[in-house]
Amino acid sequence: MKIWLDGKLVDEAEAKISVFDHGLLYGDGVFEGIRFYNGRVFRLEEHITRLFESARAILLDIPWTHEEVCRFTCETVAANGLDDGYIRLVVTRGMGELGLNPFLCPKASMFIIASTIKLYPEEFYTNGLAVITCATRRPAPGALMPQVKSLNYLNNVMAKVEAIQANALEAIMLNEQGYVAECTGDNLFVIKNGTLHTPLISDGALNGITRAVILELAAQLGVPVAERSLTRYDIFIADECFLTGTAAEVIPVVSLDRRKIGSGQPGPLTRRFIEAFKTLANTTGTPFR
Ligand code: PXG
């Protein structure tokens, strides 16, 4: 496997980051997870824009332009000879002193991995996922800014642990006010009486690229959309529920906290979104060869 690291494609064994890197010492950095399908990178521009916005929010200067980062991403995928897969792009604060001060780190580091990912076994795409509500809350906007896709994912990791220990694969995270924000690595949608509902970004949801794709598809399919504050009540009484994420794509949810959602089976509109997403993902994107 060839890894892109600070301007060079190197072998996996040579792709190393210092123990003095603030990305490791403090989780000081940002990242993106991007998919490629059929020789094309899906929503590349949007991912790189979000990367630069995450970096800007934490005063992290990426020493390359948006255009260059897009090009390096494509070069990395091409160098690994895959047609379909997953890209992990990470920008760290770089090497510095032992001490929080990020201004003592002269240069950010960036690396790009092009590999594959299988988040959930295939059967869950057919039969649906059981999710739980976890006790770990989404950080408040005044704490770890929830819009920043930072390297500080411990909150999400702990939430994921709660899910796994409860025999579920994903957990719903509430914000400090008790409204549904999203899951540990996925955005959430419910369908009620033909309308698609999803939490507001200001309730602590990540501004998901897949979420945005679903909102576009809803407009094309003529499905009305309500971006609004949701509580667990809205999920309990929903007709259908599904999650979205770059890694998960679109996956049905059939229960919350062991209570059936709707019929307890993946719903018909959810299936339409899954199909529409697949078609879009396999026919659009930035060619990398
Ligand atoms: N919420 C959070 C907190 C995320 O990290 C999403 C939603 C979905 O956003 P996109 O833009 O991908 O539609 C994400 C991103 C994993 C994993 O291994 C998942 C993500 C990031 C890192 C790891 O499950 N999803």
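Please refer to the structure higher up on the page.
A.B. asks: Could you clarify how one ought to interpret the overall build of the protein in this entry?
C.D. replies: When helices and strands are counted, the protein shows eight helices and 16 strands. Seen along its three principal axes, the alpha-carbon backbone of the protein occupies a region of about 55 × 40 × 30 Å. When the accessible surface of the protein is summed, it comes to about 13300 Å², and 55% of that surface belongs to carbon and sulfur atoms. In the protein, the 28 positive side-chain charges and the 33 negative ones have mean positions that sit 4 Å from each other.

A.B. asks: Got a minute to help me understand the site of the ligand in this structure?
C.D. replies: If you check the shell around the ligand, you find 20 residues, and the closest are Tyr-153, Glu-182, Ile-209, Thr-210 and Thr-246. Between the ligand and Arg-50, the relevant distance is 2.8 Å, taken from an oxygen atom to a side-chain nitrogen or oxygen of the residue. At a separation of 2.5 Å, an oxygen atom of the ligand approaches a polar side-chain atom of Tyr-153. If the ligand stood free it would expose 550 Å²; the protein chains cover 89% of that surface. Judged by the fraction of its atoms near the pocket grid, the ligand is located in the largest pocket. Going through the elements one at a time, helix H6 (209-221) and strand E13 (240-245) are the ones with two or more residues in the shell around the ligand.

A.B. asks: I'm lost on the sheet that holds strand E2 (residues 8-11) in this one. Help?
C.D. replies: With respect to topology, seven strands assemble into an open sheet ordered E2-E1-E6-E5-E3-E4-E16, the strand pairing being antiparallel. Looking at the sheet topology across the chains shown, the edges are occupied by E2 and strand E16 (286-287). Pairing of strand E3 (residues 29-37) with strand E4 (residues 40-41) involves two bridges; the strand directions are antiparallel. Considered in E4, the bridge of Tyr-37 is made with Arg-40.

A.B. asks: Before we go on, may I ask you to explain the packing of helix H2 (residues 44-57) against helix H3 (residues 66-79) in this structure?
C.D. replies: For any two helices packed against each other, one specifies the crossing angle of their axes together with the interaxial distance. Where H2 contacts H3, the axes come no closer than 10 Å and their chain directions differ by 125 degrees. By the criterion of interaxial angle, the relationship of H2 to H3 is oblique. Regarding H2 and H3, the two cross each other, and that crossing is right-handed. Counted together, Leu-44, Glu-45, Ile-48, Thr-49, Leu-51 and Phe-52 of H2 and His-66, Val-69, Cys-70, Thr-73 and Cys-74 of H3 form the full contact between these two elements. Considered class by class, the residues forming the contact of H2 with H3 number seven nonpolar, three polar and one charged.

A.B. asks: It is not clear to me how the packing of aromatic side chains should be interpreted in this structure. Could you clarify?
C.D. replies: For any two aromatic rings, the description comes down to two numbers: the centre-to-centre distance and the angle of the planes. For the structure shown, the criterion picks out nine aromatic pairs. When the ring of Trp-4 is compared with that of Trp-64, the centres are 5.3 Å apart and the planes differ by 75 degrees; the resulting orientation is edge-to-face. In this pair, Trp-4 is assigned in strand E1 (residues 2-5) and Trp-64 in the loop between H2 and H3, connecting sequence segments 60 residues apart. Exposure class is identical for Trp-4 and Trp-64. Each is buried. Here Phe-189 and Phe-242 contribute two aromatic rings whose centre-to-centre distance is 5.1 Å and whose plane-to-plane angle is 15 degrees, an arrangement assigned as stacked. Placement of the pair is Phe-189 in strand E10 (residues 187-192) and Phe-242 in strand E13, with a sequence separation of 53 residues. We classify Phe-242 as buried; its relative accessible area is 0%.

A.B. asks: Sorry if this is basic, but what is going on with a nonpolar patch on the surface here?
C.D. replies: Residues Val-19, Phe-20, Leu-24, Leu-25, Tyr-26, Met-95, Leu-98 and Leu-100 make up a contiguous nonpolar surface patch of roughly 830 Å² in combined accessible area. Judged by relative accessible area, which is 65%, Leu-98 ranks as exposed.

A.B. asks: Is there a simple way to explain the nonpolar core in this structure?
C.D. replies: Generally speaking, a soluble globular protein has its nonpolar side chains buried in company with each other. Core analysis: the biggest nonpolar cluster contains 27 residues, and Val-30, Val-41, Val-69, Leu-89, Val-91 and Met-110 have the highest contact counts within it. Elements that contribute at least two residues to this core include exactly E3, H2, H3, strand E5 (85-92) and strand E6 (109-115). Per element, the largest residue contribution to this core is five residues, and it comes from H3. Beyond its immediate sequence surroundings of up to four residues, Met-110 is in contact with Trp-4, Leu-5, Asp-6, Trp-64, Val-69, Phe-72, Leu-89, Val-90 and Val-91. Within the second largest apolar cluster, 21 residues are counted, among which are Val-131, Ala-238, Ile-251 and Val-253.

A.B. asks: Looking at this model, I keep getting lost on empty space enclosed by the protein. Mind explaining?
C.D. replies: Sizing a probe to match a water molecule and rolling it over the atoms shows the empty space that remains. Scanning the model with the defined rule gives two cavities of 30 Å³ or more in all. The calculated volume of the largest cavity comes to roughly 80 Å³. Surrounding the largest cavity, Arg-138, Pro-139, Leu-144, Met-145, Pro-146, Val-148, Ser-150, Asn-152, Tyr-153 and Asn-156 form its lining. For the lining of the largest cavity, the class distribution of residues is six nonpolar, three polar and one charged. For the lining of the second largest cavity, the elements supplying multiple residues, two or more each, are E3 and H6. Of the residues assigned to the lining of the second largest cavity, the class counts are four nonpolar, four polar and two charged. Each of domain 1 (2-115) and domain 2 (122-283) contributes no fewer than three residues to the lining of the second largest cavity.

A.B. asks: Could you clarify how one ought to interpret the layout of surface pockets in this entry?
C.D. replies: Roughly 600 Å³ of internal volume is contained in the largest pocket. For the lining of the largest pocket, the secondary-structure elements that each account for two or more residues are E3, E5, helix H5 (154-165), H6 and E13. Within the lining of the largest pocket, the residues separate by chemical class into twelve nonpolar, eleven polar and seven charged. Two domains each put at least three residues into the lining of the largest pocket: domain 1 (2-115) and domain 2 (122-283). Reported here for the second largest pocket is a volume of approximately 270 Å³. Element by element, the count of residues in the lining of the second largest pocket is highest for helix H8 (residues 268-283), at seven residues.

Criteria and cut-off values
Residues numbered from 1 in each chain as written. Predicted model: local features only at pLDDT ≥ 70, side-chain atom pairs only at ≥ 80, totals over all residues. Heavy atoms only, no water. Helix = DSSP H or I, 4+ residues; strand = E, 2+ residues; numbered from the N terminus. Areas by Shrake-Rupley, 256 points an atom, 1.4 Å probe, with all protein chains shown as cover. Lys, Arg positive; Asp, Glu negative; His and termini not counted. Charge placed at Lys NZ, Arg CZ, Asp CG, Glu CD. Near = heavy atom within 4 Å. Polar contact = N/O pair within 3.5 Å; in protein donor to acceptor, adjacent residues only side chain to side chain. 1 Å grid on protein atoms, 1.4 Å probe; cavity = no way out; pocket = protein on both sides within 12 Å on 5 of 7 lines; lining within 4 Å. Sits in = over half its atoms within 2 Å of the grid points. Pairing = 2+ DSSP bridges. Axes fitted to C-alpha atoms, helices over the stretch in contact; angles between N-to-C directions. Parallel < 35°, antiparallel > 145°, perpendicular 65-115°, else oblique. Left-handed = near helix turned anticlockwise from the far one by under 90°. Contact = heavy atoms within 4.5 Å. Nonpolar A, V, L, I, M, F, W, Y, C, P; charged D, E, K, R; others polar. Phe/Tyr/Trp six-rings, centres within 6.5 Å; stacked < 30°, edge-to-face > 60°. Buried < 20%, exposed > 50% of the residue type's maximum accessible area, 1.4 Å probe, protein only. Patch = residues over 30% accessible without salt bridge, like charges linked within 9 Å, V, L, I, M, F, W, Y side chains within 5 Å. Salt bridge = Lys/Arg side-chain N within 4 Å of Asp/Glu carboxyl O. Core = buried A, V, L, I, M, F, W, Y, C linked by side-chain atoms within 4.5 Å. Points joined across faces, edges and corners; volume = space filled by probe spheres on them. Domains from an automatic or database assignment.

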